[in-house]
Amino acid sequence: MGKKLLCPSMMCADFGDLSGEVSRLEKAGADIFHLDLMDGHFVPNFGLGLQDMEYVCTHSSVPCDVHMMCVDPDSYVEKFAKMGIRIIYVHAESGLNIARTLQRIRDAGAQVGVAISPATAGCTVEPLLNLADYVLVMTVNPGFAGQKYLPFVDDKIHWLLERKERYGYQLVIDGACSPQVIKDLSAKGVDGFVLGTSALFGKGRPYEEIMPELRAL
């Protein structure tokens, strides 16, 4: 098993001190900065602004991914690739021509990510796994931080773990990633975790203390 990927969700950062947050998380050993794009339609919320995303991408050596929760992901692919975002996640449920969108990501020079909502069965997205470098499994309903982990998603995680070697993707969990969830699922072969308020932010402790603890789980 390779290095566990710890991916702070920048939606949970202190935007009154974004520069400081980026610096502190980088020093704490963040592997990927996770950026959420929401359009108020695909999910009933709005995420980071494009200017915030660009700031994070251009002011850190840590690579960034973007999780597009929107009804028209195609219109953002080239913009994010030019911004320097390393991994672009698109929801399997977001369009009729999702395979074409994934190919556009590849053609733009970014790595391909497939995101799956809790209610979506793994078997329905299996054809897309041939195109994926990363699969992002939502263990909460997409759109809001601070939700509770949905245990019924565990069956889908196990299904995806069984196919990881065949298709060659890395499996990342997004939603309510508590220390216990990280410990349990990393032992089973999950590669990465998006870190929000369940494990990292709002704990009243330095990130440089928390991140090594999470990596050691």
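See the structure printed just above.
Residues numbered from 1 in each chain as written. Predicted model: local features only at pLDDT ≥ 70, side-chain atom pairs only at ≥ 80, totals over all residues. Heavy atoms only, no water.

Visitor: Report on the packing of aromatic side chains, specifying residues and quantitative values.
Guide: Evaluation of the coordinates by the stated rule reveals 2 aromatic pairs. Between the aromatic rings of Tyr76 and Phe80, the centroid separation amounts to 5.9 Å while the plane-to-plane angle is 20°, which identifies the pairing as stacked. Note that Tyr76 and Phe80 are positioned in helix H3 (residues 74-83) at a spacing of 4 residues, about one turn of the helix. Residue classification places Phe80 among the buried residues on the basis of a relative accessible area of 0%. Seen from their ring centres, Phe201 and Tyr207 are 5.6 Å apart, and the 70° between their planes marks the pair as edge-to-face. We note that Phe201, like Tyr207, is buried. (Phe/Tyr/Trp six-rings, centres within 6.5 Å; stacked < 30°, edge-to-face > 60°. Helix = DSSP H or I, 4+ residues; strand = E, 2+ residues; numbered from the N terminus. Buried < 20%, exposed > 50% of the residue type's maximum accessible area, 1.4 Å probe, protein only.)

Visitor: How would you sum up the state of the cysteines? Please name residues and give values.
Guide: For the coordinates displayed, the defined rule picks out 0 disulfides. Here Cys12 is not disulfide-linked; the sulfur of Cys177 is the nearest cysteine sulfur, at 11 Å. The thiol sulfur of Cys57 is not disulfide-bonded, and the nearest other cysteine sulfur, from Cys64, lies at 3.6 Å. (Disulfide = S-S within 2.5 Å.)

Visitor: If you had to explain unusual backbone geometry to someone new, which residues and values would you point to?
Guide: Across the chain, the bulk of peptide bonds are trans and the bulk of non-glycine residues have phi less than zero. The backbone of Ala176 shows a phi angle near 55°, a positive value even though the residue is not glycine. Structurally, Ala176 is set in the loop between strand S7 (170-174) and helix H6 (179-188).

Visitor: Run through the pattern of salt bridges, naming residues and quoting values.
Guide: Summed over the entire model, instances satisfying the criterion amount to 13 salt bridges. A salt bridge links Asp31 to Arg215; its shortest N-O distance comes to 3.1 Å. Of this pair, Asp31 sits in the loop between helix H1 (18-28) and strand S2 (33-38) while Arg215 sits in helix H7 (residues 207-216), placing them 184 residues apart in sequence. Taking the relative accessible area as the measure of exposure, Arg215 reaches 28% and is therefore partly exposed. Close ionic contact of Arg166 with Glu126 constitutes a salt bridge, the shortest N to O distance being 3.5 Å. One end of the pair, Arg166, is in helix H5 (residues 154-167); the other, Glu126, is in the loop between strand S5 (111-116) and strand S6 (134-138), with 40 residues separating them in the sequence. Taking relative accessible area as the criterion, Glu126 reaches 18% and is therefore assigned buried. (Salt bridge = Lys/Arg side-chain N within 4 Å of Asp/Glu carboxyl O.)

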